[in-house]
Amino acid sequence: MAKTLIPVFLILSTIVFFSTTVAGKSHKFSKKLSPEKLRFKHEKLTHLNLFFHDIVTSQNPTAVRVAEAAMTNASKTFFGTVMIVDDPLTEGPEMESKLVGRAQGMYASAGQNELGLLMAMAFHFVEGKFNGSNLSFLGRNSVFSEVRELPIVGGSGLFRYARGYAEARTRTLDMKTGNAVVEYNVYVFHY
Ligand SMILES: *[C@@H]1O[C@H](CO)[C@@H](O)[C@H](O)[C@H]1NC(C)=O
Ligand SMILES: *[C@@H]1O[C@H](CO)[C@@H](O)[C@H](O)[C@H]1NC(C)=O
Ligand SMILES: *[C@@H]1O[C@H](CO)[C@@H](O)[C@H](O)[C@H]1NC(C)=O
């Protein structure tokens, strides 16, 4: 009896020793927190339908080229171009429709064989429930595809802990000026 109890005791005391030393380690800079403490209760799913106006050629462009490589103009995909944007986001496809936010950030031509942009931008909302909140996007945009999917990487304000994606569809593109209107259907989980 005692012979079998000794190994059991050794195993149990080893487990107790390790769990107390690991869990018992106290750190001043970290502690467990319940989500309710930050008033995060139920995750919600929101759909946003917006129109993105990328105005490259105008007296007041909203998208400006800030950098390029020596070989950019010789590239069929403008490889190496970097654009900074502050594009209006409106409720309807017309520029005159209600402004609901602005898409601020940049896109760069990162594809050598096929036009593919790397987009890094934040949608800053100025209207409605999400006024003042921001949503961050990062992803690849193959602009000549019918539907492009852009991942949401986070957000602020009401969009804290945001995750989700946007589907982008070009509605109008003027090949001469490069100006475009793109419809964004955003599906976002947030609290
Ligand atoms: C490329 O073309 C643009 C637009 O025509 C021009 O502004 C720019 O100077 C050119 N860049 C180079 C490196 O030649
Ligand atoms: C959005 O928020 C800003 C800053 O709080 C405020 O000035 C503005 O009136 C708000 N806009 C709307 C449409 O509620
Ligand atoms: C959202 O972005 C705007 C513009 O950069 C900023 O002023 C605002 O503080 C941000 N909102 C939140 C909730 O962080």
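Let me sum up the structure you'll find in this document. If you're wondering where the values come from, they're calculated on a predicted model, not measured in any experiment.

Surrounding ligand 3, one finds His 124, Gly 132, Asn 134, Ser 156 and Gly 157. At 2.8 Å, a backbone N or O of Gly 132 approaches a nitrogen atom of ligand 3. For ligand 3, an oxygen atom lies 3.2 Å from a polar atom in the side chain of Ser 156. About the coverage of ligand 3: the protein hides 41% of its 360 Å² of free accessible area. A breakdown of the residues in the shell around ligand 3 according to their chemical character gives no nonpolar, five polar and no charged.

Nonpolar side chains collect at one region of the surface, where Val 64, Val 66, Ile 84 and Met 106 lie side by side and expose about 310 Å² of accessible area between them. Along the polypeptide, Val 66 turns up in strand β2 (residues 63-67).

Here we take up the pairing of strand β8 (residues 163-173). Here strand β7 (residues 148-156) pairs with β8 via five bridges, running antiparallel. Bridged to Ile 152 within β8 is Gly 164. Here β7 folds back onto β8, and the loop between the two strands holds six residues, one of which, Gly 157, carries a positive phi near 65°. Bridge analysis of β8 against strand β9 (residues 180-190) gives 10 bridges, and the strand direction is antiparallel. Counted as the bridge partner of Arg 169 is Glu 183 from β9.

The subject of this paragraph is the pattern of salt bridges. The final tally for this structure, using the stated rule, is six salt bridges. Of the charged contacts, one joins Glu 43 and Arg 163 as a salt bridge, the two residues approaching to 2.9 Å between their closest N and O atoms. In this pair, Glu 43 is assigned in the loop between α1 (2-23) and β1 (44-54) and Arg 163 in strand β8, connecting sequence segments 120 residues apart. Residue classification places Glu 43 among the partly exposed residues on the basis of a relative accessible area of 31%. Its salt-bridge partner being Glu 68, residue Arg 65 comes within 2.2 Å of it at the nearest N-O pair. Owing to a relative accessible area of 42%, Arg 65 belongs among the partly exposed residues under this scheme.

Reading guide: rules and limits
Residues numbered from 1 in each chain as written. Chains lettered and ligands numbered in written order. Predicted model: local features only at pLDDT ≥ 70, side-chain atom pairs only at ≥ 80, totals over all residues. Heavy atoms only, no water. Near = heavy atom within 4 Å. Polar contact = N/O pair within 3.5 Å; in protein donor to acceptor, adjacent residues only side chain to side chain. Areas by Shrake-Rupley, 256 points an atom, 1.4 Å probe, with all protein chains shown as cover. Nonpolar A, V, L, I, M, F, W, Y, C, P; charged D, E, K, R; others polar. Patch = residues over 30% accessible without salt bridge, like charges linked within 9 Å, V, L, I, M, F, W, Y side chains within 5 Å. Salt bridge = Lys/Arg side-chain N within 4 Å of Asp/Glu carboxyl O. Helix = DSSP H or I, 4+ residues; strand = E, 2+ residues; numbered from the N terminus. Pairing = 2+ DSSP bridges. Buried < 20%, exposed > 50% of the residue type's maximum accessible area, 1.4 Å probe, protein only.

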